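Okay, here's what each chain looks like letter by letter:
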Amino acid sequence: MRLITHNMLSCNIKGVANGFPLLIEAGKVIEKEVDFNPDFLRHMFAKIEWKALVEGARSMGYAELPEDSPDATVLDSDESFLKKLHHALLELHLEEGALVCPETGRKFPVNKGIPNMLLHEDEV
Amino acid sequence: MPSRIAEIRLVSSHREVYEPCDDSFALVDALLADRTNLIDHNPKICMEIGCGSGYVITSLILLLKNEVPGVHYLATDTNPIATRVTKETLQAHGVDADVICTDIASCLEKRLAGSVDVIVVNPPYVPTPEYEVGMEGIASAWAGGENGRTVIDKILPVVDLLLSEKGWFYLVTLTSNFPAEICLMMRKKGYASRIVVQRSTEEENLLILKFWRDKDEESLKKETSSSFVSQFSRSLSSLMEKQWR
Ligand SMILES: C[S@@+](CC[C@H](N)C(=O)[O-])C[C@H]1O[C@@H](n2cnc3c(N)ncnc32)[C@H](O)[C@@H]1O
């Protein structure tokens, strides 16, 4: 699972008001190269929760993203920023580890890159 | 050059995971038939619900790969073994998607609402006793409850929530699922629909339906339910005649 997907996941246990963002416990992180596509990044930027991305990247060992959400204009002017965004969103994979609900502390395991978000019967 | 789709010999398998079958092939044929439109559609986020072996999502990726670069692909299944098998199938074809083990798309609903441009679903559609739905293991791959509609009817509102303004939805159904009624339910949510592929095998009569948001509010209002259903039946029988001829 990559950070682009992490940015879309939330804990949906019944009664949880704030199940986003899930904290990342990184066991194994791998990198895979993906073709650089500025248009795609511009499209996705509007949907990204910046703080969740920065924290997620940091827990996966990548601390190059600026702390504060950059102004959308940098998307057209700053290639080095785009490259960092590309790397954080699309090239880092959480292979083994867990995602932790920020409200309940419930852990969702991640094995072979796949988060298991299935809920127990008493959680739905 | 013919478009590439997933190769059966590269599709991973497991006895607890649904193997690509007539329904899977019909769905991929529908995507192939609609390929030019999909390329023009230029999707940014595509997802499959109930990915099983991964045959369909892998085919979708291969189908669009060269013409539409920069797409985020997601796939979900409730069966943890299916999610692993899907990953293996993707890998064997040299492509990638993020695969999540979840019920329909429940952990994605909050953040992904209104963002998905293409959703494909080959649901458990076989009419069965209700208790077989969602059981552990392979039965949950086909068991659809009353009229085969239990899981389908749960998927429809989720799809409506997730689809972007321009989003498209492809769904495998049987004639015994009362597809005209499914289209009518979606019509009431503002969707137009058409049959992309119709195929009769010895056991079942498969229809691949495509849905998209209809901009023409007027025609929505004018239509009565009964005129809609009879129109649907007419286009279905003309398709079936064509197949048998
Ligand atoms: C008919 S099989 C289709 C598999 C594959 N997409 C194909 O076309 O060959 C249906 C799949 O949906 C999965 N499924 C059943 N109920 C589900 C649910 N509530 N949420 C997500 N997936 C589900 C099953 O585990 C199974 O893999």
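Since the structure is predicted, the reported quantities are computational estimates derived from the model, not experimental observations.

### Let's talk about the overall build of chain A
Secondary structure summary: chain A contains 5 helices and 4 strands in total. Along chain A, from the amino end to the carboxyl end, the secondary structure elements read α-β-α-α-α-α-β-β-β. For 124 residues, the compact-globule estimate of 2.2 N^0.38 gives 14 Å, and chain A sits close to it at 15 Å. Summarising its shape, the C-alpha atoms of chain A cover approximately 50 × 30 × 20 Å along the three principal directions. Across the 124 residues of chain A, 48% fall into the buried class. Entry remark: accessible area of chain A is about 6000 Å², with carbon and sulfur atoms responsible for 47%. Separation between the mean location of the 13 positive side-chain charges and that of the 21 negative ones in chain A comes to 4 Å.

### Comments concerning the packing of helix α3 (residues 55–64) of chain B against helix α4 (residues 80–92) of chain B
All names here are of chain B. Axis separation between α3 and α4 bottoms out at 9 Å; the angle between their running directions is 30°. By the angle class used here, α3 and α4 are roughly parallel. Between α3 and α4 lies a crossing of right-handed hand. Of α4, the residues touching α3 (which contributes Tyr55, Ile57, Thr58 and Ile61) are Thr86, Thr89 and Leu90. Split into classes, the residues belonging to the contact of α3 with α4 amount to 4 nonpolar, 3 polar and no charged.

### So, the interface of chain B and chain A
Chain B puts 27 residues into the contact, and the matching count from chain A is 28 residues. Here Asp98 of chain B makes a salt bridge to Arg2 of chain A, at a shortest N to O gap of 3.4 Å. Inspection of the chain B/chain A interface yields 14 residue pairs in polar contact (both at pLDDT 80 or more). Secondary-structure elements contributing two or more residues to the side of chain B that touches chain A are β2 (72–77), α4, β3 (98–101) and α5 (109–112) of chain B. Counting residues per element, the side of chain B that touches chain A draws most heavily on α4 of chain B, at 5 residues. Class assignment of the residues belonging to the side of chain B that touches chain A gives a composition of 11 nonpolar, 8 polar and 8 charged.

### Some words on the nonpolar core
Of all hydrophobic cores here, the largest spans 111 residues; its most connected members are Leu99 of chain A together with Met47, Ile119 and Phe169 of chain B. Excluding residues that lie within four positions of it along the chain, Ile119 of chain B makes contacts with Met47, Ile49, Val159, Leu162, Leu163, Trp168, Phe169 and Tyr170 of chain B.

### What to know about the environment of Lys65 of chain B
All names here are of chain B. Secondary-structure assignment places Lys65 in the loop between α3 and β2. Residue Lys65 is classed as partly exposed on the basis of its relative accessible area, which comes to 39%. Between the alpha carbons of Lys65 and Asn205 there is a distance of 31 Å; along the sequence they are 140 residues apart.

### Considerations on the side chain of Ser59 of chain B
Residue and element names in this part refer to chain B. Within the secondary structure, Ser59 is located in helix α3. Residue Ser59 is classed as buried on the basis of its relative accessible area, which comes to 1%. When near neighbours in sequence (up to four residues on either side) are disregarded, Ser59 contacts Arg4, Ile5, Ala6 and Val28.

### A few points about the packing of helix α1 (residues 22–33) of chain B against α3 of chain B
Residues and elements named next belong to chain B. Interhelical geometry of α1 versus α3 gives an angle of 15° and a closest axis separation of 10 Å. Put simply, α1 runs roughly parallel to α3. Between α1 and α3 lies a crossing whose hand is right-handed. Listed contacts from α3 to Ser24, Phe25, Leu27, Val28, Leu31 and Leu32 of α1 are Tyr55, Val56, Ser59, Leu60 and Leu63.

### Focus on the UniProt feature "domain: Methyltransferase small" (unreviewed entry) in chain B
Mapped onto this structure's residue numbering, the UniProt feature "domain: Methyltransferase small" (unreviewed entry) falls at residues 44–136 of chain B. Between the end C-alpha atoms of residues 44–136 of chain B the distance is 33 Å, and the span holds 29% helix and 23% strand.

### Regarding the sheet that holds strand β1 (residues 45–49) of chain B
Residues and elements named next belong to chain B. Reading across from one edge, β3-β2-β1-β4-β5-β7-β6 is the order of the 7 strands in this open sheet, with mixed pairing throughout. If you trace the sheet from one side to the other, it starts and ends with β3 and β6 (191–200), each paired once. Taken pair by pair, the neighbouring strands of this sheet meet at an average axis angle of 15°, ignoring direction. Alignment of β2 against β3, held across 4 bridges, turns out to be parallel. Following the sheet pairing, Thr76 is matched in β3 by Ile100. Relative to the sheet, helix α6 (residues 150–162) contacts β1, β4 (116–121), β5 (163–174), β6 and β7 (205–213), its axis offset from that of β5 by approximately 160°. Docked against the sheet, helix α7 (residues 179–188) engages β5, β6 and β7, running at close to 10° with respect to β7.

So, how was this worked out
- Residues numbered from 1 in each chain as written.
- Chains lettered and ligands numbered in written order.
- Predicted model: local features only at pLDDT ≥ 70, side-chain atom pairs only at ≥ 80, totals over all residues.
- Heavy atoms only, no water.
- Helix = DSSP H or I, 4+ residues; strand = E, 2+ residues; numbered from the N terminus.
- Rg over C-alpha atoms; globule rule 2.2 N^0.38 Å.
- Buried < 20%, exposed > 50% of the residue type's maximum accessible area, 1.4 Å probe, protein only.
- Areas by Shrake-Rupley, 256 points an atom, 1.4 Å probe, with all protein chains shown as cover.
- Lys, Arg positive; Asp, Glu negative; His and termini not counted.
- Charge placed at Lys NZ, Arg CZ, Asp CG, Glu CD.
- Axes fitted to C-alpha atoms, helices over the stretch in contact; angles between N-to-C directions.
- Parallel < 35°, antiparallel > 145°, perpendicular 65-115°, else oblique.
- Left-handed = near helix turned anticlockwise from the far one by under 90°.
- Contact = heavy atoms within 4.5 Å.
- Nonpolar A, V, L, I, M, F, W, Y, C, P; charged D, E, K, R; others polar.
- Salt bridge = Lys/Arg side-chain N within 4 Å of Asp/Glu carboxyl O.
- Polar contact = N/O pair within 3.5 Å; in protein donor to acceptor, adjacent residues only side chain to side chain.
- Core = buried A, V, L, I, M, F, W, Y, C linked by side-chain atoms within 4.5 Å.
- UniProt positions renumbered as here; feature names shortened; annotations may be inferred.
- Pairing = 2+ DSSP bridges.

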